[in-house]
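# Coordinates in review
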Amino acid sequence: VQLQASGGGLVQAGGSLRLSCAASGRTFSDYAMGWFRQAPGKERAVVAAISRSGDSTYYVNSVKGRFTISRDNAQNTVYLQMNSLKPEDTAVYYCAAHKGGSYYYEDNYNYWGQGTEVTVSS
C-alpha cells in the first residue's frame, strides 16, 4: 500500500492541526493504521493507532486528551487531529500500515508514508 501524509505546518503553542494520510494500492480496511513521529535528535516513536474498523484506538500518554486518530475507509484515509499543541510535539509525523502485533513497535508496521513536518512555536 502507498501512503501519502499531509497537513503539517507551523503553528503556535495551543493551536491545532489535522494530519491526513491517503492510502492507495491495496484494500485500506485490511490494515490497522498508526501515526508515528520523530523529533530532532530522537528516535521515531508511535503516537496513536487505530484498528481496521476504527472502533479501537491507542494513544501514548503524552498525547491522550489532545490528539484524536480517526479513519474513513470509504475515502482510504486516516487522520490525526492534534489540539492544544505544545513545542514538544514538534516532529516529522509519519503514517504507517500495521501488519500485526503490538501497535507500539515500529517493526510491526510494513508500509510507511513519507512524513509531514509539524513545528510548534512557543
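Check the entry above for the structure.
Residues numbered from 1 in each chain as written. Predicted model: local features only at pLDDT ≥ 70, side-chain atom pairs only at ≥ 80, totals over all residues. Heavy atoms only, no water.

### A word on unusual backbone geometry
Residue Asn76 is not a glycine yet carries a positive backbone phi of 50°. Looking at the secondary structure, you find Asn76 in the loop between strand E7 (67-72) and strand E8 (77-82). What makes Asn76 partly exposed here is its relative accessible area of 28%. Despite not being glycine, Ser84 has its phi angle at roughly 50°, a positive value. Positionally, Ser84 belongs in the loop between E8 and strand E9 (91-98). (Helix = DSSP H or I, 4+ residues; strand = E, 2+ residues; numbered from the N terminus. Buried < 20%, exposed > 50% of the residue type's maximum accessible area, 1.4 Å probe, protein only.)

### Notes on the side chain of Arg71
By the secondary structure assignment, Arg71 is in strand E7. Buried charge without a salt bridge: Arg71, with Asp72 as the nearest opposite-charge side chain at an N-O distance of 8.2 Å. A polar side-chain atom of Arg71 sits 3.1 Å from the main-chain carbonyl oxygen of Phe28. Engagement of the side chain of Arg71 in a polar contact is seen with the backbone oxygen of Tyr31, the distance being 2.8 Å. (Lys, Arg positive; Asp, Glu negative; His and termini not counted. Salt bridge = Lys/Arg side-chain N within 4 Å of Asp/Glu carboxyl O. Polar contact = N/O pair within 3.5 Å; in protein donor to acceptor, adjacent residues only side chain to side chain.)

### Here's the deal with the nonpolar core
Soluble globular proteins: nonpolar side chains tend toward being buried together. Formed by 39 residues in total, the largest nonpolar core has its most connected members in Met33, Trp35, Leu80, Met82 and Tyr93. Contributions of two or more residues to this core are made by strand E1 (2-6), strand E3 (17-24), strand E4 (32-38), strand E5 (45-50), E7, E8, E9 and strand E11 (116-121). Ranked by residue count, the leading element in this core is E9, at six residues. (Core = buried A, V, L, I, M, F, W, Y, C linked by side-chain atoms within 4.5 Å.)

### A look at the packing of aromatic side chains
Evaluation of the coordinates by the stated rule reveals six aromatic pairs. With a centroid separation of 5.2 Å and an interplanar angle of 85°, the aromatic rings of Tyr104 and Tyr105 are classed as edge-to-face. Look at Tyr109 and Trp112: their rings are 6.0 Å apart centre to centre, the planes differ by 55°, and that puts the pair in the tilted class. Using a relative accessible area of 25% as the deciding quantity, one classes Trp112 as partly exposed. Taken together, the ring pairs connect Phe36, Tyr109 and Trp112 into an aromatic cluster. Just above the ring of Trp112 sits the side chain of Arg44; from NZ or CZ to the centre is 3.8 Å. Here Arg71 stacks its cationic end above the ring of Phe28, 4.3 Å away from the centre of that ring. (Phe/Tyr/Trp six-rings, centres within 6.5 Å; stacked < 30°, edge-to-face > 60°. Lys NZ or Arg CZ within 6 Å of the ring centre and 35° of its normal.)

### Some remarks on the sheet that holds E7
Pairing within the open sheet is antiparallel, and its four strands lie in the order E1-E3-E8-E7. The outermost strands of the open sheet, each flanked by one partner alone, are E1 and E7. Strand-to-strand twist of the sheet, defined as the mean angle between neighbouring strand axes without regard to direction, takes the value 15°. When E1 meets E3, the two strands line up antiparallel, connected through five bridges. For Gln2, the partnering residue across the bridge sits in E3 and is Ser24. (Pairing = 2+ DSSP bridges. Axes fitted to C-alpha atoms, helices over the stretch in contact; angles between N-to-C directions.)

### Re the side chain of Arg37
Within the secondary structure layout, Arg37 lies in strand E4. At 2.9 Å, the side chain of Arg37 forms a polar contact with the side chain of Asp89. The contacts of Arg37, once residues within four sequence positions are left out, are Glu43, Arg44, Ala45, Val47, Ser62, Val63, Phe67, Glu88, Asp89, Ala91, Val92 and Tyr93. (Contact = heavy atoms within 4.5 Å.)

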